[in-house]
Amino acid sequence: MSYPSSLQELVSKITRSRDLRLKQNFPRLKVEEKETLLKNFHPDYRDDTFNRLTIGPNTGDRTPKELALLLEADSLLQPTDINLNSPEFECDVLVIGGGGAGCAAAITADDLNARVILCTKLRLGDANTMMAQGGIQAADKDNDSPTIHYLDIIGGGHFANVPELVEALVSDAPLAIEWLESLGVIFDKNPDGSMKTIHGGGTSRKRMHTCRDYTGAEIMRNLRDEVKSRPEIKILEFCPAVELLTTPTGEISGAVLLNLNLNRFFVIRAKSVIIATGGSGRLHYQGFPTSNHYGATGDGLILAYRAGAKLVFIDTMQYHPTGVAYPQQIVGQLVTEKVRSLGAQLLNINGEQFIFPLETRDVVASAIIRECAENRGIKTPAGIWGVWLDTPMIEILRGPGTIKKELPAMVRQFTRFGIEIDKEPILVYPTLHYQNGGVVIDPYCQTNIPYLLVAGEASGGVHGRNRLMGNSLLDVIVFGRRAGVKAVELANHRQSQPQLTLDHLERWRRQLRERGITSQIRSPLLIPDYTRKTTGTEA
Amino acid sequence: MSENLIDIYIMGEFHRVPDSLTILQALEYAGYRLIRGVGCRGGFCGACATVYRVAGDYHLKFALACQTKVVPNMQLAMLPFFPAHLPRYQLSELKGAPQEVLDLYPEMLRCYGCNTCTKSCPQDIDVLGYVSAILRGEIPAVADISFDCIMCGLCVSRCPAELVKHHAALLCRRIYGSKLAPRSPHLTKITQEIRSGRFTDEITRLKKLDREKLQELYAARDIEPEE
C-alpha cells in the first residue's frame, strides 16, 4: 500500500462501500440543478478573478486577470530588432504552431501544392494534442448520426455554441477519422474491424474512438511523421511568432519570429497565416494547476488581438474534473475521462457518490469543488484537497486486466509513484484543462482580419461555454484541415508580395499610451517561469 | 513541498533541492528556465529524456525528468535531442510489405540482441521484442509491442548496433494502421452518406431552432445504455 497511513484508513472505507455502490445508479442532474451547481461552484463564476478589457476589439469584455494582463501588454519587439525590407523567408501559407491543428493544416495545404512554412515554439508535436488521452468523437455507428452529435455538443456547450461551427465539426468528424486512418492512426477495434467506441461525459451515443489511452499521442506522432516526410514543408522548430505583420490597410502579410536557440528575430512574408498555437493553461488562471503542455501560454491570442482580431467566450475555461491531487509530484496532471467512461465512480470522504460520473466536465468539476468546499473532500499530507476516483471498480465491472489494457499510460504514471490503480482508488481535483473560447472564426477558419485564419484551441465558438470530451482532438483535425484549404485558396488569389509593416503595432502602442497603460509586461509570454518555485502547483 | 533537502549534480553542477521534487522540478528549482528538455510534463512527449548515475553505483539509469523523483547524490544530464535519421518515404506509396521496412531501415539486420534498448526504455517497452518482430516481418506485432513508445530516443542513444528503432517502429505502426488493420464498414458507409449530403437538411433544421426548442430536444435525448 502506497498511501500514507492517514489516507489508508479512508481507502479501506472506499473498499468496503464498493459492493453497495455496484448496485447504485447515481441520478443525472436536471438542467436547473446543473445551473445552480455551476453558479455556486464553477471557477468561471468567481467574479473577483476577472477584469474588463480596456483596449482592443473586446474592450469591456470580462477576461481572466492573468490573460487580461498579457492582452493589454506591449510587444516583445522593438522596431530596431528587425529589418522588414529583407524577409528571411517567403511562402504562401505560414502555419504558426506545430500541434494537431498546425500539422493538419500544413499537410492539407501541402496537398494543394502551396509553399508551406510551419513554425513552432518548441519541437514539432509539442502540444496539448500529444497529451489528449481519452479519445476523439465521431458519429460513425449505425445508431448514431452527425445530427445526434450536434445536439450533444450544443447542449454540453449550454446552447451558446456557434451553430455553423458545430455543423462543420460534426459533419467532418467521420471524414477526419477516415483521414487519420489513412495516415496510419491505429484505433481500438473489434476483430471484425468495427470501432470499439465508448461514452464520454455528455454523449448520448458511444462515439468515443480511442487508441488505448494514448489517443492524442498516437494522432500526433502520425501527423508529425507525415509533416516530416513531406520535403516541400519547411519546418522551423524553436521559432515562435512574436508579432504578426500587416499591410498599411490592416491585412495580414507575415510574421516576426524569434529563434529561441539563437535569440534572434527574423521576418517571414506569407500570403496567408494560420494561427494554431493552442490554449493557455500555463497561465494558471486562479492559481489552478494545469494538465496543459509547457508551451500553452496563449501566444496566438495575443498576436491576433493586437492585429485587431476579435475574441469570444474568453471568460470561460474548462477545468477538467479529474486532475491528479496525489502524489504531489504530478499534481494537476490529467486523469483521463476514459477512467469514468470505463466505470470508475467519484466519492467523497464518506465513500459516497455525489455526482453522476459522466455529467459534462464543468458540472462534474463544480461538484468536486463543492464537496471539498463543504469539507467532504480529502486533504492530502501536502495540504491539497481531492476526492476519490474509484479505479478498481473498472476491474470489477469489466474484468481483471482491463485497466492494464485500456489505460497503460495511467498505470505507468501512477506506478512510478508507487500507486497501483487497479487495486487502490486515486485522489483527484479539477485541473485547468482547456480554453473554451478564442479568436472568432467562420466555418472556414477565417477571422475578421483578412488573410488571418485560426484553427484549434486558439479559436472560439464551436464548443460554446463547455467542451465535451473527445471534441478537441476532433476540432484540431477538422478545423486544421479546413484552415489549410482556405489558406491556400486565399493565397492563390493574392498579389505576390504583400507589403510588410508594423503599423498595427504602432497603433496599439498609441492606444496604450492614450489609455495610460504603462505596464512593464511584454507579451506573448512564450515560456512559463517556474524557477525557484516550491509550491508544487505546477507538475 | 517538504523541505527535506538533498544534494544532486546537474551536469556536474552541485545543487541542494527538496527531495519531493521531480528531476524537472529540481532543474527549475535550481534556476533553469528550460527551452529544451521540457515538453508535456506528463510523460507523453519524450522531451525530457534523462540519464543519471547515483553515487556508489556504476549502473547508468534512464528516466523521464517529469515523471521521476530526485534521489540523493544523483548525477544527471538531459538528452533533449539525439541524432536519428528519418528516411524519406510516402506512406501512400508503400504497399505494406515487411520488406519495405527493412529496405528503409536496413541497419535493423545489425541487431545482435544485447537488449540494452529494453533496459534503457523509460516506458518499459520490450524494445528488443519489437526489433525481433521487425526482423521476422511481423508488422502487427511491432505495432502492438511498440504502441506506448513516446519516441524519446533513449534506446537509440544506447544501441551499440546504431539502430534507429523508434522510427522503424513508427513506420510499422503507420503501415499497420493505414493498410493492415481491419477496415470499419460503418465508417465507410457514413462517410459516403455525408459526402452525398444525407444529413445536410436535418442539421440545417437544428441550426434554425431557438434555445428553448433545443433545450427540449436535448432533455429528451435517448441515451445509449452502457451495456
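Residues numbered from 1 in each chain as written. Chains lettered and ligands numbered in written order. Predicted model: local features only at pLDDT ≥ 70, side-chain atom pairs only at ≥ 80, totals over all residues.

**Here's the deal with helix α14 (residues 408–415) of chain A**
For an α-helix, the turn length of 3.6 residues means that residues three or four places apart are oriented alike. Formally: The burial criterion counts other C-beta atoms lying within 10 Å of a residue's C-beta, which is placed from the backbone; the residue is buried at 20 or more, exposed at 12 or fewer, and partly exposed between these limits. The helix count covers DSSP runs of H or I at least four residues long, the strand count covers runs of E at least two residues long, and both are numbered beginning at the N terminus. By definition, residues are in contact whenever their C-beta atoms, placed on the basis of the backbone, come within 7 Å of each other.
Taken together, the buried positions of α14 of chain A are occupied by Ala 409, Met 410, Val 411, Gln 413 and Phe 414 of chain A. Looking at the buried residues of α14 of chain A, the elements they touch are α13 (402–406) and β18 (426–435) of chain A.

**Quick look at the sheet that holds strand β8 (residues 208–209) of chain A**
Worth spelling out the cut-off: Note: two strands are recorded as paired if DSSP finds a minimum of 2 bridges between them.
Strand order in the open sheet formed by three strands is β6-β8-β7 (chain A), and the pairing between neighbours is antiparallel. The outermost strands of the open sheet, each flanked by one partner alone, are β6 (136–137) and β7 (197–198) of chain A.

**Some details on the domain arrangement of chain B**
Residues and elements named next belong to chain B. As a reminder, the rule being used: Note that domain bounds follow an automatic or database assignment of domains.
Taken domain by domain, chain B comprises domain 1 (5–78), domain 2 (91–180) and domain 3 (185–215). Each of domain 1 and domain 2 has a C-alpha centre, and the two are 28 Å apart. Contacts between the two partners involve seven residues from domain 1 and, on the opposite side, seven residues from domain 2. No other element matches the three residues that strand β4 (residues 61–64) contributes to the side of domain 1 that touches domain 2.

**Observations regarding the pairing of strand β11 (residues 252–259) of chain A**
Working note: regular strand, side chains alternate between the two faces of the sheet. Residue and element names in this part refer to chain A. Counted residue by residue, β11 has seven buried out of eight residues, so it is predominantly covered. Where strand β10 (residues 241–246) meets β11, five bridges bridge the pair, whose relative direction is antiparallel. Considered in β11, the bridge of Thr 246 is made with Ile 252. Connecting the antiparallel pair β10 and β11 is a turn made up of five residues, with Gly 250 showing a positive phi of about 90 degrees. Looking at chain direction, β11 and strand β12 (residues 264–275) are connected through six bridges and run antiparallel. Its bridge partner being in β12, Val 256 is matched across the sheet by Val 267.

**Observations regarding the sheet that holds β4 of chain B**
Residue and element names in this part refer to chain B. Selection rule: In this description, a line fitted to the C-alpha atoms serves as the axis of each element, helices being fitted only across the stretch in contact, and the angle between N-to-C directions of two axes falls anywhere from 0 to 180 degrees.
Sheet architecture is open: five strands sit in the order β2-β1-β5-β3-β4, paired in mixed fashion. Of all the strands in the sheet, the pair left with one neighbour each is β2 (13–18) and β4. Sheet twist, expressed as the mean angle between neighbouring strand axes with direction ignored, is 35 degrees.

**Thoughts on the interface of chain A and chain B**
Rules: Asp, Glu, Lys and Arg are counted as charged, while Ala, Val, Leu, Ile, Met, Phe, Trp, Tyr, Cys and Pro are counted as nonpolar; the rest, among them Gly, fall into the polar class.
Every contact between the two is made by 70 residues of chain A and, on the other side, 65 residues of chain B. Listing elements by their share of the side of chain A that touches chain B, those giving two or more residues are α5 (128–131), α6 (146–156), α7 (163–183), α8 (215–228) and α14 of chain A. Tallied by class, residues from the side of chain A that touches chain B come to 29 nonpolar, 20 polar and 21 charged.

**A look at the environment of Asn 73 of chain B**
Assignment of secondary structure puts Asn 73 of chain B in the loop between β4 and β5 (74–78). For the pair formed by Asn 73 of chain B and Ile 6 of chain B, sequence separation is 67 residues and the distance between their alpha carbons is 7.5 Å.

**Side note on the nonpolar core**
The test is simple: Put simply, a nonpolar core is buried Ala, Val, Leu, Ile, Met, Phe, Trp, Tyr and Cys residues tied into one set by C-beta atoms within 7 Å.
If you look at the biggest cluster of nonpolar residues, it comprises 235 residues, and the most contacted ones within it are Val 93, Ala 105, Val 273 and Ile 274 of chain A together with Cys 172 of chain B. A per-element tally of this core places helix α15 (residues 471–492) of chain A first, with eleven residues. For Ile 274 of chain A, the residues in contact, after removing those within four places along its chain, are Val 93, Val 95, Ile 96, Ala 105, Leu 453, Ala 455, Ala 483 and Ala 487 of chain A.

**Digging into helix α11 (residues 361–373) of chain A**
Residues and elements named next belong to chain A. In plain terms, the rule: Between the first and last residue of a helix there are one fewer steps than residues, each counted as 1.5 Å, and that sum is the expected span.
Taking 1.5 Å of rise per residue, 13 residues should cover 18 Å, and α11 covers 18 Å from first to last C-alpha, within 8% of that figure. The element α11 is extensively covered by neighbouring structure, given that eleven of its 13 residues are classed as buried. All of the buried residues along α11 are Arg 361, Asp 362, Val 363, Val 364, Ala 365, Ser 366, Ala 367, Ile 368, Ile 369, Glu 371 and Cys 372. Among the structural elements, α2 (31–41), β14 (317–324), β15 (345–347), β17 (385–390) and β18 are those in contact with the buried residues of α11. Count one or two residues on from α11 and you reach Asn 375, which has phi positive near 65 degrees.

**Here we look at the domain arrangement of chain A**
Residues and elements named next belong to chain A. According to the domain assignment, chain A contains domain 1 (5–41 + 318–432) and domain 2 (74–316 + 436–504). The straight-line distance from the C-alpha centre of domain 1 to that of domain 2 is 31 Å. With 25 residues of domain 1 at the contact, the number on the domain 2 side is 28 residues. At the level of elements, β14, α10 (338–341), α11, α14 and β18 are the ones that each hand at least two residues to the side of domain 1 that touches domain 2. Along the lines of polarity and charge, the residues of the side of domain 1 that touches domain 2 split into ten nonpolar, nine polar and six charged.

**Here's the deal with the environment of Ala 101 of chain A**
All names here are of chain A. Within the secondary structure, Ala 101 sits in helix α4 (residues 100–111). Taking C-alpha positions, Ala 101 is 19 Å from Gly 464, a pair spaced 363 residues apart along the chain. With residues near it in sequence (within four places) discarded, Ala 101 still touches Ala 276, Ala 455, Gly 456, Val 476, Phe 479 and Gly 480.

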